Amino acid sequence: MEKKDVISWSTMILGLAQNGFSREALKLFEKMKLSGVRPNHISILGVLFSCSHAGLLEDGWYYFRSMRELFGIAPHREHYGCTIDLLSRAGKLDDAFKLIHELESGPDSVIWRALLGACRIHRNADITIYAAKEILKLEPDDVGTHILLSNVYANTQRWNEVMHLREAVRDRGIKTEVMHSAMLVPPLATKELTGAVS
């Protein structure tokens, strides 16, 4: 390609970011800026995605907070989502929680799930419960969130909440699927196992 425009740069940056080449995406972003091409909202999204997946908290936070000032780009929901994911992965759950409430159009279930996943990893029961309840306001029949919330209540020994939640699931007619797992065992291993038991 003789001359790269913002679309070609942004496509390459986002493609690298989404395929696990975060540092390469960030280097390409710097190259784009040096070439004189002004970033657009897609190239910034690639940068934020890269920072999130490479654990570059300070860089990602800097680009999010200064994207309007540096590039004249107002953050969209996707930019918020990447930054919330970045903060959450880094264990900055309170900062992520505050950022969620800065969204003018209000958070959707995808935004809440970004926080929810990290809350489980960083073992923050209070924010997990809050985020799960927010998801259930938006998607009241989401089986996975009901199960997760019930498990958090049980892990924190909030048995009354477990009971109320299970009653609510039953009353709403929400069905949970029974999961099965299987394992193939070679015939020789089966003989050894049965021989060891008897």
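Keep in mind that this is a model prediction, so the values were computed, not measured. (Residues numbered from 1 in each chain as written. Predicted model: local features only at pLDDT ≥ 70, side-chain atom pairs only at ≥ 80, totals over all residues. Heavy atoms only, no water.)

(A) Representation of the overall build of the protein chain in the model. Across its full length, the protein chain holds 11 helices and zero strands. Element order for the protein chain, N to C, with α for helix and β for strand: α-α-α-α-α-α-α-α-α-α-α. In the structure as shown, the protein chain presents an accessible area of about 12500 Å², 55% of it carried by carbon and sulfur atoms. (Helix = DSSP H or I, 4+ residues; strand = E, 2+ residues; numbered from the N terminus. Areas by Shrake-Rupley, 256 points an atom, 1.4 Å probe, with all protein chains shown as cover.)

(B) Seen up close, the packing of aromatic side chains. A full pass over the atoms with the stated rule returns eight aromatic pairs. Ring plane angle 55 degrees and centroid distance 6.4 Å describe the contact between phenylalanine 97 and tryptophan 112, whose orientation is recorded as tilted. With phenylalanine 97 in helix α6 (residues 93-100) and tryptophan 112 in helix α7 (residues 109-121), this residue pair connects regions lying 15 residues apart in the sequence. What makes phenylalanine 97 partly exposed here is its relative accessible area of 23%. When its relative accessible area of 2% is taken as the criterion, tryptophan 112 is described as buried. On the numbers, 5.1 Å between centres and 75 degrees between planes, the contact of phenylalanine 97 with tyrosine 130 is edge-to-face. Of the two residues, phenylalanine 97 is situated in helix α6 and tyrosine 130 in helix α8 (residues 125-138); the sequence distance between them amounts to 33 residues. Judged by relative accessible area, which is 34%, tyrosine 130 ranks as partly exposed. Site record: aromatic cluster; members linked through ring pairs are Phe29, Tyr62, Tyr63 and Phe71. (Phe/Tyr/Trp six-rings, centres within 6.5 Å; stacked < 30°, edge-to-face > 60°. Buried < 20%, exposed > 50% of the residue type's maximum accessible area, 1.4 Å probe, protein only.)

(C) Spotlight on the side chain of threonine 128. As for its position among the elements, threonine 128 is in helix α8. Sequence-distant contacts of threonine 128, defined by excluding residues within four places in its chain, comprise Leu116, Cys119, Arg120, Leu148 and Val152. (Contact = heavy atoms within 4.5 Å.)

(D) Spatial organisation of the side chain of aspartate 142. In this fold, aspartate 142 is placed in the loop between α8 and α9 (143-155). In terms of polar contacts, aspartate 142 uses its side chain to reach the side chain of threonine 145, at 2.5 Å. When sequence neighbours within four positions are dropped, the list of residues in contact with aspartate 142 reads Arg113, Ile135 and Leu136. (Polar contact = N/O pair within 3.5 Å; in protein donor to acceptor, adjacent residues only side chain to side chain.)

(E) Summary view of α7. Its 13 residues give α7 an end-to-end C-alpha distance of 18 Å, which sits within 8% of 18 Å, the value for a rise of 1.5 Å per residue. Every buried residue belonging to α7 is among Ser109, Ile111, Trp112, Ala114, Leu115, Leu116, Ala118 and Cys119, and all of these are buried. Sitting at the amino-terminal end of α7 is aspartate 108, which places a side-chain oxygen 3.2 Å from the backbone nitrogen of valine 110. (Expected span 1.5 Å × (residues − 1).)

(F) Examining the nonpolar core more closely. In terms of nonpolar packing, the biggest core is built from 51 residues, with Phe29, Ile44, Ile84, Leu115 and Leu149 touching the most fellow members. Looking at which element gives the most residues to this core, the answer is α7, with seven residues. When near neighbours in sequence (up to four residues on either side) are disregarded, phenylalanine 29 contacts Ile13, Pro39, Ile44, Val47, Tyr63 and Phe71. (Core = buried A, V, L, I, M, F, W, Y, C linked by side-chain atoms within 4.5 Å.)

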